[in-house]
Amino acid sequence: MVEIELDGKKVEVQEGSMVMHAAEKAGTYIPHFCYHKKLSIAANCRMCLVDVEKAPKPMPACATPVTQGMIVRTKSEKAIKAQQGVMEFLLINHPLDCPICDQGGECQLQDLAVGYGGSKSRYTEEKRVVFHKNVGPLVSMEEMSRCIHCTRCVRFGQEIAGKMELGMAHRGEHSEIQTFVGRTVDSELSGNMIDICPVGALTSKPFRYSARTWELSRRKSVSPHDSTGANLIVQVKNHQVMRVVPLENEDVNECWIADRDRFSYEALNSEQRLTQPMIKQGGQWKAVDWTVALEYVANGLKSIKDQHGAGSIAALGSAHSTVEELFLLGQLVRGLGSQSIDHRVRHAAFDNTAAEGHARWLGTSIASLSTLDRAFVVGSFLRKDHPLFAQRLRQAARHGAQVSALHGTAEDWLLPVANRITAAPSAWVQELANVAAAIAAAKGVSAPAAGSATAEAQAIASSLLGGTRKAVLLGNAAAEHPQAASLLSLANWIATETGATVGYLSAAANTVGAQLARALPGQGGANAGELLSSKPAKALLLLNIDPALDSANPAAAVKAVNAAEMVVVMSPFKSGMDYADVLLPTAPFTETSGSFVNAEGRLQSFVGVAKALGETRPGWKILRVLGSLLGLSGFGQDSSEQVRNEALGVDADLSSRLSNASGTAVQFGSAAAIERLADVPIYATDALVRHATSLQLTTDAKNAAVAHVSQALWAQLGLADGADVQVSQDGAGSARLKAKLDATLPANVVRVPAGLPETAALGAAFGSLTLAKV
């Protein structure tokens, strides 16, 4: 530790810290623009100049290391004069357009100009003009004349997002921040550039000119998308969500959020919102009031129970739903005498369930991902499935961590991957067994399954046997894999032998919470795979699920749903109108209170932040009233907190209910001639992102419906750039897709996305394909 004197106060800071860090610790504000605590130090704005005793000139606080006994003055005449001089230079070319600037009212330059700027400018020449640039549907660069060249956005791309999409061209007053060769900004974290821009140069294109900051009320919330559970501030005007920004939480999302967390709010005001209960009569949809709709559902469920038995009633709930909604959905079905409820609609196998009352989880804290020495990621489209987890592993890699991967493609995670095994999905168990065999050989112990220590396996084994902080992380594809139980069993053995933790990255905001809320089939109940294929229900309740887009086998799922006598859809959107009998408008996360349990087992509750649209009602209230109408016990709750306490217990210690323990049996997969590798594109994961206009205009969304073909199959079919292919599967339907060469795929693998209307006619996410040139 080093002690310095700062404005007459003694401050002790870590050796190697900068004066700015000492000022932060002492609670002293030093004006700055380019400095950001999460980014590297650039020292190019010079606004933080301070008076350091014995220094011949003012020094930048952000880039001046502390030394023992250093005396620093931030408010002396020398420091203030230097800061005022810098401010005058910054304002020379800055346009005087504060009244029309979207940053007005929350602008660092505006604030500091009041304290350090002059009352008028001595500069009489024409100001420079920088022409606007179109960099995509999310970030606006239409007012780059406001840019003060702090380079925060450039450093963010390099260091946090992992890709330098913006850079500075030219010199002096001709300097411009721009993309390379007219490209768009396509990072899944791009919206954070808007937050860190200290002026109005980078603004939100969807929010642009829609409200002033002082008109917005601010409410805390939690993201309903991936398993990070990112903390949000939702900004509302006239009962309408206008903007979403991050709420800083170092343990969860730091100060970042993914673009789908930020821009999915557009769906809340979509024309596709369902605002009234609707019943299908004679093939026509008719709007009705809540009493009629709920009585229709209650009478229908009673009738089907009387005719076909309680086992003919089932429910499927999305893991993007709240703990309260999923708990009451299960209570409703069980109250009717059925045990058929599930949330695992994308899973191919159902023998990998945690012990009753327990849940699969990350196996470590989210924050610890940033400090790992070794990470082995199995079966994950990491960058798009979990943008903020990928960001944390990126930081770990920047500090020397070795990240290894086993996956079906060598896609770019925008971080250095030390060791990689790329194999068809059917071979993942074997490849993991090979890694286990390499570890067993190195340690002189018995391997848990038949495997051979290949060179790639030995490299990963060697990596995992080194370091101290280690994790084996199973991605969405590993959790949904036909041999998911075998993958977990081998991962557990590897983790035990190498001193690593093992866990699931988890697919949805409430995957862990759904398990703890018992949204799982009980004794004799059918699981999601059976309900959507071999054992279709007569009455099916769907909560925030569209079987054509959210299931493991959409072709079979649509067929099963169409076979039901009554389908009740609870959703914020007009989905399932071709197969549903009743549509109940269910509140999205901004219009209801509820709770999510994220990947690390953190329970986060939130309240509604906006008035419900039309006749929309919270899901937990709909289910509570429906349970009462059916005469079931346990549906007398007055608040979502009461439901949560019933679901998880009052002051529940969830840590004791998190478990990745597994059996020891290992089952190997069987290869097909051509195997499908199915990812769910980042902007197709749930109903909110699917209905968000700007997200659907991104490069990721527009280029999602593509068949990625391996080098061997590309040559075999004689494909050329721009060619189309006909993809058929399981004797179901087929899809005509653009073909794209992916040289990183194994020879017999084609990557065909799931969750898209263009591929909804296909079969299982893990299955064999037939490919033909069109």
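Every chain is numbered independently, its residues counted from 1 as its sequence is written. Side-chain atom pairs in this predicted model are given and counted only at pLDDT of 80 or more, local residue features only at pLDDT of at least 70, and totals for whole chains, interfaces and linings cover all residues. Calculated side-chain values reflect all of the structure's heavy atoms, with hydrogen atoms and water omitted.

Asks: Help me understand the packing of helix H4 (residues 152-161) against helix H10 (residues 387-398) in this model?
Replies: A pair of packed helices can be characterised by two numbers: the angle between their axes and the separation between those axes. Between H4 and H10, whose axes approach to 9 Å, the crossing angle comes to 85°. Taken together, H4 and H10 sit at an angle that is classed as roughly perpendicular. Seen from H4, the contacting residues are Glu159, Ile160 and Ala161; seen from H10, they are Gln391, Arg394, Gln395 and Arg398. Every axis in this analysis is a line fitted to C-alpha atoms, fitted for helices over the stretch in contact. Angles between the N-to-C directions lie between 0 and 180 degrees. Helix and strand assignments follow DSSP, with helices taken as H or I runs no shorter than four residues and strands as E runs no shorter than two, numbered in order from the N terminus. For classification, angles of less than 35 degrees are called roughly parallel, those exceeding 145 degrees roughly antiparallel, those between 65 and 115 degrees roughly perpendicular, and all remaining angles oblique. Note on definitions: a residue-residue contact is assigned when non-hydrogen atoms from the two residues lie within 4.5 Å.

Asks: Where do I start with the packing of aromatic side chains in this structure?
Replies: Each aromatic ring pair is specified by the distance between its two centres and by the angle formed by the two planes. Within 6.5 Å between ring centres, the rings of Phe, Tyr and Trp (the latter by its six-membered ring) count as paired, and their orientation is classed by plane angle as stacked under 30 degrees, edge-to-face over 60, tilted in between. What the rule picks out here adds up to 3 aromatic pairs. The criterion is that NZ of a Lys, or CZ of an Arg, lies within 6 Å of the ring centre and within 35 degrees of the ring normal, and then a charge sits over that ring. The cationic tip of Arg243 hangs over the ring face of Phe207; the distance from NZ or CZ to the ring centre is 4.4 Å. We note Arg420 situated over the ring of Trp413; from NZ or CZ to the ring centre the distance is 5.7 Å.

Asks: Help me understand the UniProt feature "domain: 4Fe-4S His(Cys)3-ligated-type" (unreviewed entry) in the protein in this model?
Replies: When the UniProt feature table is mapped to this numbering, "domain: 4Fe-4S His(Cys)3-ligated-type" (unreviewed entry) covers residues 78-117. Annotated as 60% helix and 0% strand, the span residues 78-117 places its first and last C-alpha atoms 16 Å apart. UniProt positions are given in the numbering used here, feature names are shortened, and annotations may be inferred rather than shown by experiment.

Asks: Honestly, the pattern of salt bridges in this entry has me stumped. Any pointers?
Replies: Side chains bearing opposite charge may pair, as long as their charged atoms lie close to each other. One speaks of a salt bridge when a side-chain nitrogen belonging to Lys or Arg is within 4 Å of a carboxyl oxygen belonging to Asp or Glu. Inspection of the entire model under this criterion finds 33 salt bridges. With its nearest N and O atoms 2.7 Å apart, the salt bridge here joins Arg122 to Glu88. Of the two residues, Arg122 sits in the loop between helix H3 (108-116) and strand S6 (133-134) while Glu88 sits in helix H2 (residues 77-92), which places them 34 residues apart along the sequence. Take Arg122: its relative accessible area is 68%, and that puts it in the exposed class. Relative accessible area serves as the criterion here: at 30%, Glu88 is assigned to the partly exposed category. Among the ionic pairs, Glu188 bridges to Arg383, the shortest N-O distance being 2.9 Å. One end of the pair, Glu188, is in the loop between strand S9 (176-179) and helix H5 (192-196); the other, Arg383, is in helix H9 (residues 382-385), with 195 residues separating them in the sequence. Think of it in three bands: residues with accessible area under 20% of the maximum for their type are buried, residues over 50% are exposed, and the middle band is partly exposed, with areas taken using a 1.4 Å probe on protein chains only.

Asks: Just checking my understanding: could you explain the UniProt feature "domain: 4Fe-4S Mo/W bis-MGD-type" (unreviewed entry) in the protein for this structure?
Replies: Within the UniProt annotation, "domain: 4Fe-4S Mo/W bis-MGD-type" (unreviewed entry) is assigned to residues 216-272. Secondary structure across residues 216-272 comprises 9% helix and 35% strand; the distance between its end C-alpha atoms is 25 Å.

Asks: Teacher, can you tell me more about helix H20 (residues 640-648) here?
Replies: The periodicity of an α-helix, 3.6 residues per turn, causes residues three or four places apart in sequence to face the same way. Within the span of H20, buried status applies to Ser640, Val643, Arg644, Ala647 and Leu648. Taken end-on, H20 shows its buried residues confined to a sector of 110°, consistent with a single buried face. Next to the buried residues of H20 lie helix H8 (323-335), helix H15 (511-516), strand S26 (594-597), strand S27 (603-606) and helix H19 (619-629). Within two residues after H20, Gly649 carries a phi angle of roughly 95°, on the positive side. In this description, one arc is meant: the one made by directions from the helix axis to the C-beta atoms.

Asks: Help me understand unusual backbone geometry, please; the structure alone is not making it clear to me.
Replies: Apart from glycine, the bulk of residues carry a negative phi angle, and the bulk of peptide bonds sit in the trans form. Although it is not a glycine, Glu254 adopts a positive phi angle of roughly 55°. You can see Glu254 is positioned in the loop between strand S13 (240-246) and helix H6 (259-263).

Asks: Before we go on, may I ask you to explain the pairing of strand S8 (residues 166-169) in this structure?
Replies: Note on strand geometry: in a regular strand, side chains alternate between the two faces of the sheet. Strands pair, by our definition, only if DSSP identifies at least two bridges between them. Where S8 and S9 come together, 4 bridges link them in antiparallel fashion. Bridge pairing links Ala169 to Glu176 in S9. Between the antiparallel neighbours S8 and S9 lie 6 residues, among them His170 with a positive phi of about 70°.

Asks: Could you clarify how one ought to interpret the sheet that holds strand S29 (residues 706-709) in this entry?
Replies: Read from one edge of the open sheet, 6 strands run S28-S32-S29-S31-S30-S33, paired in mixed fashion. Sheet topology places strand S28 (675-677) and strand S33 (769-773) at the edges, where each strand pairs with a single neighbour. With strand direction ignored, the average angle separating the axes of adjacent strands in the sheet is 40°. The pairing of S29 with strand S32 (residues 749-751) spans 2 bridges and is antiparallel. Within S32, the position partnered with Val709 by the bridge is Val750.

Asks: Mind showing me how you'd approach the packing of helix H7 (residues 290-308) against H19 here?
Replies: Viewed as axis vectors pointing N to C, H7 and H19 meet at an angle of 55°, and their least axial separation amounts to 10 Å. By the angle class used here, H7 and H19 are oblique. The element H7 and its partner H19 pack so that their crossing is right-handed. Contact residues: H7 offers Trp290, Leu294, Glu295, Val297, Ala298 and Lys302, while H19 offers Ile622, Val625, Leu626 and Leu629. By convention, the crossing between two helices is left-handed when the near helix turns anticlockwise from the far helix through less than a right angle, and right-handed when the turn is clockwise.

Asks: Hey, could you run me through the pairing of S27 in this one?
Replies: Only one face of S27 is covered, namely the face carrying Gln604 and Phe606; the face carrying Leu603 and Ser605 is uncovered. Here 4 bridges tie S26 to S27, and the two strands are oriented antiparallel to one another. Its bridge partner being in S27, Gly594 is matched across the sheet by Phe606.

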